[in-house]
Amino acid sequence: MSTIHAEEAGAAKAVPVRTAPHASMWRQSLRRLLKNKLAMLGFAVVAFMFAACFIGPLFSPYTDNKINMAVMNNAPSLKHWLGTDALGRDVLARVLLAGRISLTVGLASMVLSVFVGTLLGVIAGYYRGVVDQLVMRLADLLLTIPSLPLLFIFGALLSEWKVPTDYRMYIVMLMLSIVGWPGLARMVRGQMLSLREREYMQATVVLGLRDRRKLFNHLLPNLVPLIIVIATFNIGGAILSESVLSYFGLGVMAPTPTWGNMIDAANNMIDFQDHPWLWIPPGFSIFATVIAINIFGDGLRDVLDPKQKR
Amino acid sequence: MTEAQALLEVNGLKKYFPIKSGLLSRTVGHVKAVDDISFSIKRGETFGLVGESGSGKSTVGRTILRLTDKTAGEVKFGGVDLYDLQPDELRRLRPKMQLIFQDPYSSLNPRVRIGDAIGEALLDHGLASPTEVRGRVLDVLNACGLSSYHFDRFPHEFSGGQRQRVGIARALVLNPDLIIADEPVSALDVSIQAQIINLFRGMQEKQGLTYLFISHDLSVVEHLCSHIGVMYLGTMMETGPRDELFRDPLHPYTKALLSAVPVPIPKLKRERIVLNGELPNPADPPPGCKFHTRCPFAVARCREEVPLFRDVGNDRKVACHLV
Amino acid sequence: MSNVLEIEHLSTHFHTEEGVVRAVDDVGLQVRQGEIVCIVGESGSGKSITAMSVMGLVEGPAGRVAGGRIAFDGIDLLKLGRNELRTIRGNEIAMIFQEPMTSLNPVLKIGEQLMEPLIEHRKMSKKAARKRAIELIGEVGISRAEQIADSYPHELSGGMLQRIMIAIAISCEPKLLIADEPTTALDVTIQAQILDMLRRFKEESGMSILLITHDLGVVAEMADYVVVMYAGKVVEEGEVVALFENPQHPYTKGLLKSKPIINQRQDELYSIPGQVPNPLELTPSCYFHDRCAYCMDICRTQQPVLKDAGNGQKVACWLNEEVTPV
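Residues numbered from 1 in each chain as written. Chains lettered and ligands numbered in written order. Predicted model: local features only at pLDDT ≥ 70, side-chain atom pairs only at ≥ 80, totals over all residues. Heavy atoms only, no water.

### Some details on the overall build of chain C
- Secondary structure summary: chain C contains 13 helices and 12 strands in total.
- Along the three orthogonal principal directions, the C-alpha set of chain C runs to about 65 × 50 × 40 Å.
- Counting contacts in chain C only where the partners sit at least 6 residues apart, residues at least 24 apart contribute 64% of the total.
- For chain C, the accessible area works out to roughly 13800 Å², and carbon and sulfur atoms hold 50% of it.
- If the 32 positive side-chain charges of chain C are averaged to one point and the 44 negative ones to another, these points end up 5 Å apart. (Helix = DSSP H or I, 4+ residues; strand = E, 2+ residues; numbered from the N terminus. Contact = heavy atoms within 4.5 Å. Areas by Shrake-Rupley, 256 points an atom, 1.4 Å probe, with all protein chains shown as cover. Lys, Arg positive; Asp, Glu negative; His and termini not counted. Charge placed at Lys NZ, Arg CZ, Asp CG, Glu CD.)

Now the structure itself:
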């Protein structure tokens, strides 16, 4: 902090600030986030999952998904740390490869729905009127249909149309973002409407600023925290939905492994009781990832968007 | 008052807010926030608009600046009716008439550095080239009692008084003709309040500014303003030059208002006109003189006939049957 | 007259991320029976926290009363348990706040909220409590009492709600009323009514009032005795007339000079330079030293204590100690 000199009467003095000078709200938020132990734990778990899934398989000799009848349903051993499945494939390698798909699907569908949701939400909230009505009624329509049944129908159609399994992953991403954007657009629009009423936005009108500056220098920077928080929760939600779809055989299909369809493979009493290594690893992966993402998201919300409490 | 000299002229300004009700949100009535207000401010003058909450004084300021649309009347700024302007013409005229907000916390964007907040309008209006902006902002920061090192700081690093200085700097950098200040010192502590009031005065002397100073605090208004208007329930009750109005208030409401201000002199015996009751519902104002329900001098005529806002000489106008 | 309230060496601290804020720092004051004592100060002076400490409203984990004694009628409130405190709070000590809107429950009718303390503390029957509630509404100057009793808070104006708050506060005939900026949110004409009413109740019932305000005009009008606080410390206190006519502490002087007075216009207002210090960065010194025109070397390194300055006044200032003419 700068030293205080007696300035001329009426002149203000430096406000004593403990934090480093000119710390923006972003840097402050980051500092507070780093202090939040639970959120950092969540982040560590997510980071570990990503690292394991994307780097781990490089060190595994079993990534070719080759069927090996000699080692069907083997229990965990030194050779196969998490055992093998009914076709003799290494479960650990498959869990990690499945993680690649699940995490990619979650991430990509989040990016897509954030993009669409933000764009439409900003347009609706900024221009209001007819555009707002159109966008929001479309969003309402999508929100009134429960998303899981909608996804089931989509999934069933995909199977009916015999979409090649290689493409299904991309189509699943698309499906998830179709059900993901309306909620986001709604929140972004709400935030836009509330920001418009802030005095500092009125000040931009009084100053006669151009629309472009109002939007990019004043509105968007205040939207980003909200978007980051929703986006984080969205990844978790998308991973969960993808797992459910795949579990029911409507999402990404075998032989491409995902956490959901791996659990499906253990979908009988015998496997459930006698071969727990088939379903516990993918199940635990889903559980740990989604929980960790949500914990991290909660922490993010606390530091970025303290008013937005559930 | 000669019309030619007036920088701001407000004639018969009305602003009604619809009251909506029911399933189809039909308009069932109006809150007459501003109900036929007229006044004018000469160049270099400070006009104080006084009134209690619900008097519509802030709405007057906002309607003048077209932050909210008028219902009727005209607002002439330098001879031009602001309501005749196209959006882009209005935008380009805006630097000439600035607003200073009451709340120094919510009127600054928390994510914009002070220097950028003050300089961005200069850029947008092409009033300074990108290379000149920094110098212009530093000049105005210093003039407002802030320092160069504040340029890169964010609002949260400032105290309330300093933020209000930033708000003033943001307006002043545009070299405005008119500044509308909406309760600019109400949120500040006494010792800081005095600093800001002095800043307002100093700036006026230096730049020949014209102020419309909106406030509920009569002692501040007396200190700063050369002319004063008193509003009640959306209507102007009395206008006049400061000294005359404070020495000899004509309207009973002005009298009551003046006598209600607590004075920091203990055991001072003052004759106080205590008003009865509360402000009537602005959606359903009393007939006749709007003040008659609380006026200690009201007669039968006040209940029936709306008093005219008429000239009583000495540059004073008043709306009261009893004067 | 006996002291209704005696505060001695009260310290209330808040533990924040950046450090400990001594919001109230070794404060002492007395309120005698039937007297109005005003604590005056700007934001951050600790005046409201002092009042909250008396009411036991400073709540953890961040804030806590770190030490001292708050004696009400000779009983140390800081030593009382939750239940014992509750029988005193709202009954013998009542409090009204700046924002009447947020202090009333929006889903309960006005009458019900008035009846609550009567039933709780005075053990009245519902019927008797309602009768008394309606009387009270009349006593605070509201007509149509029956109708008001059956309305909800949002149907009333701020001034009316503050009257209701006062009605609730006086319902159990407290010995002490703590009023924290009771008229700050109100218009001047309403403020005049409310202050008149508080004075009238004081005279009728002999209760004491601890009034917290930033408005020197209100102080002059209401107070018998004034306590000036700055940055958590009492810097000066005294009888109201003496203190306003002959302020001793440079801060009190500056405060009185910087307030514009109606019908006493000056061209340039006096203003105290600078601003209140950051409570996290206070060092042993007079906390006002960097804004003080009479600052001496000792002011920067040692804290002055509150000492008798004659004329019934007490002041915490090195100028006073050295008896150097100002």
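After that view, the rundown keeps rolling.
### Considerations on empty space enclosed by the protein
Residue and element names in this part refer to chain B.
- Within the structure shown, the criterion is met by 7 cavities of 30 Å³ or more.
- Split into classes, the residues belonging to the lining of the largest cavity amount to 12 nonpolar, 2 polar and no charged.
- Roughly 60 Å³ of volume is contained in the second largest cavity.
- Around the second largest cavity sit His251, Pro252, Cys289, Phe291, His292, Cys295, Cys302, Cys320, His321 and Leu322, which together line it.
- The residue inventory of the lining of the second largest cavity, partitioned by class, reads 7 nonpolar, 3 polar and no charged. (1 Å grid on protein atoms, 1.4 Å probe; cavity = no way out; pocket = protein on both sides within 12 Å on 5 of 7 lines; lining within 4 Å. Points joined across faces, edges and corners; volume = space filled by probe spheres on them. Nonpolar A, V, L, I, M, F, W, Y, C, P; charged D, E, K, R; others polar.)

### Overview of the UniProt feature "transmembrane region" (unreviewed entry) in chain A
- Per the UniProt record, the feature "transmembrane region" (unreviewed entry) sits at residues 38-59, 101-126, 138-158, 170-188, 219-240 and 277-300 of chain A.
- Secondary structure over residues 170-188 of chain A splits into 100% helix and 0% strand, and the C-alpha atoms at its two ends are 26 Å apart. (UniProt positions renumbered as here; feature names shortened; annotations may be inferred.)

### Observations regarding the packing of helix 7 (residues 158-170) of chain C against helix 8 (residues 188-205) of chain C
All names here are of chain C.
- Following both chains from N to C, one finds helix 7 and helix 8 inclined at 10°, their axes separated by 10 Å at the closest point. It follows that helix 7 is roughly parallel to helix 8 by the angle criterion. At the point where helix 7 passes helix 8, the crossing takes the right-handed sense. Along the contact surface, helix 7 presents Gly159, Gln162, Arg163, Ile166 and Ile170, while helix 8 presents Ile190, Gln193, Ile194, Met197, Leu198 and Phe201.
- Here the contact of helix 7 with helix 8 is built from residues that sort into 7 nonpolar, 3 polar and 1 charged. (Axes fitted to C-alpha atoms, helices over the stretch in contact; angles between N-to-C directions. Parallel < 35°, antiparallel > 145°, perpendicular 65-115°, else oblique. Left-handed = near helix turned anticlockwise from the far one by under 90°.)

### Quick notes on the domain arrangement of chain C
Residue and element names in this part refer to chain C.
- Taken domain by domain, chain C holds domain 1 (3-92 + 172-321) and domain 2 (100-171).
- Once you take the C-alpha centre of each, domain 1 and domain 2 turn out to be 29 Å apart.
- The partner domain 2 presents 14 residues to the 19 residues of domain 1 that form the contact.
- Together domain 1 and domain 2 conceal approximately 1400 Å² of surface at their shared face, both sides included; 61% is due to carbon and sulfur atoms.
- Of all residues in domain 1, Cys172, Met197 and Phe201 bury the most surface against domain 2, accounting for 37% of the area lost on that side.
- Our enumeration of links across domain 1 and domain 2 arrives at 0 salt bridges.
- If you look at where domain 1 meets domain 2, you find 8 residue pairs in polar contact (both at pLDDT 80 or more).
- Those elements that place two or more of their residues in the side of domain 1 that touches domain 2 are helix 2 (82-88) and helix 8.
- Considering each element in turn, the side of domain 1 that touches domain 2 owes the most residues, 7 residues, to helix 8.
- Residue composition of the side of domain 1 that touches domain 2, grouped by class: 11 nonpolar, 4 polar and 4 charged. (Domains from an automatic or database assignment. Buried area = accessible area lost by both parts, 1.4 Å probe. Salt bridge = Lys/Arg side-chain N within 4 Å of Asp/Glu carboxyl O. Polar contact = N/O pair within 3.5 Å; in protein donor to acceptor, adjacent residues only side chain to side chain.)

### Looking at the interface of chain B and chain A
- Taken residue by residue, the interface counts 39 residues in chain B and 33 residues in chain A.
- Taken together, both faces of the contact between chain B and chain A bury some 3300 Å²; the carbon and sulfur share is 51%.
- Salt-bridge contacts for B:Asp124 lead to A:Arg213; the nearest nitrogen and oxygen are separated by 2.9 Å.
- At the surface where chain B touches chain A, the tally comes to 15 residue pairs in polar contact (both at pLDDT 80 or more).
- Of all the secondary-structure elements, those providing two or more residues to the side of chain B that touches chain A are strand 6 (97-100), helix 3 (114-124) and helix 5 (160-172) of chain B.
- Per-element tally for the side of chain B that touches chain A: the top contributor is helix 3 of chain B, with 4 residues.
- A per-class count over the side of chain B that touches chain A returns 14 nonpolar, 12 polar and 13 charged.

### Focus: the confidence of the model for chain A
- Residues at a pLDDT of 70 or more form 90% of chain A, whose mean pLDDT is 80.
- Taken element by element, chain A is modelled with least confidence in helix 10 (residues 269-274) of chain A, mean pLDDT 74, and with most confidence in helix 7 (residues 199-206) of chain A, mean pLDDT 92. (pLDDT = per-residue confidence, 0-100.)

### A closer look at the pattern of salt bridges
- The full count for this structure, using the stated rule, is 37 salt bridges over all chains.
- Residue B:Arg153 pairs with B:Glu157 through a salt bridge whose shortest N-O separation is 3.9 Å.
- By relative accessible area, B:Arg153 is classed as buried at 8%.
- Exposure remark for B:Glu157: the relative accessible area of 2% places this residue in the buried category.
- Salt bridges here are not isolated pairs; linked through shared partners, they connect C:Lys131, C:Arg132, C:Glu135 and C:Glu139. (Buried < 20%, exposed > 50% of the residue type's maximum accessible area, 1.4 Å probe, protein only.)

### Topic: the side chain of B:Arg170
- Tracing the backbone shows B:Arg170 in helix 5.
- Although B:Arg170 is buried, it forms no salt bridge, and the closest oppositely charged side chain is B:Glu120 at an N-O distance of 6.1 Å.

### A few points about the UniProt feature "domain: ABC transmembrane type-1" (unreviewed entry) in chain A
- Cross-referencing UniProt, the feature "domain: ABC transmembrane type-1" (unreviewed entry) maps to residues 99-297 of chain A in the present numbering.
- Annotated as 86% helix and 0% strand, the span residues 99-297 of chain A places its first and last C-alpha atoms 20 Å apart.

### A short note on the pairing of strand 4 (residues 72-77) of chain B
Residue and element names in this part refer to chain B.
- Here 5 bridges tie strand 1 (residues 6-21) to strand 4, and the two strands are oriented antiparallel to one another. From the neighbouring strand, Glu9 faces strand 4, where its bridge partner is Lys76.
- Where strand 4 and strand 5 (residues 80-81) come together, 2 bridges link them in antiparallel fashion. Its bridge partner lying in strand 5, Lys76 is registered against Asp81.
- The hairpin formed by strand 4 and strand 5 contains 2 residues between the paired strands, and Gly78 there has a positive phi angle of roughly 60°. (Pairing = 2+ DSSP bridges.)

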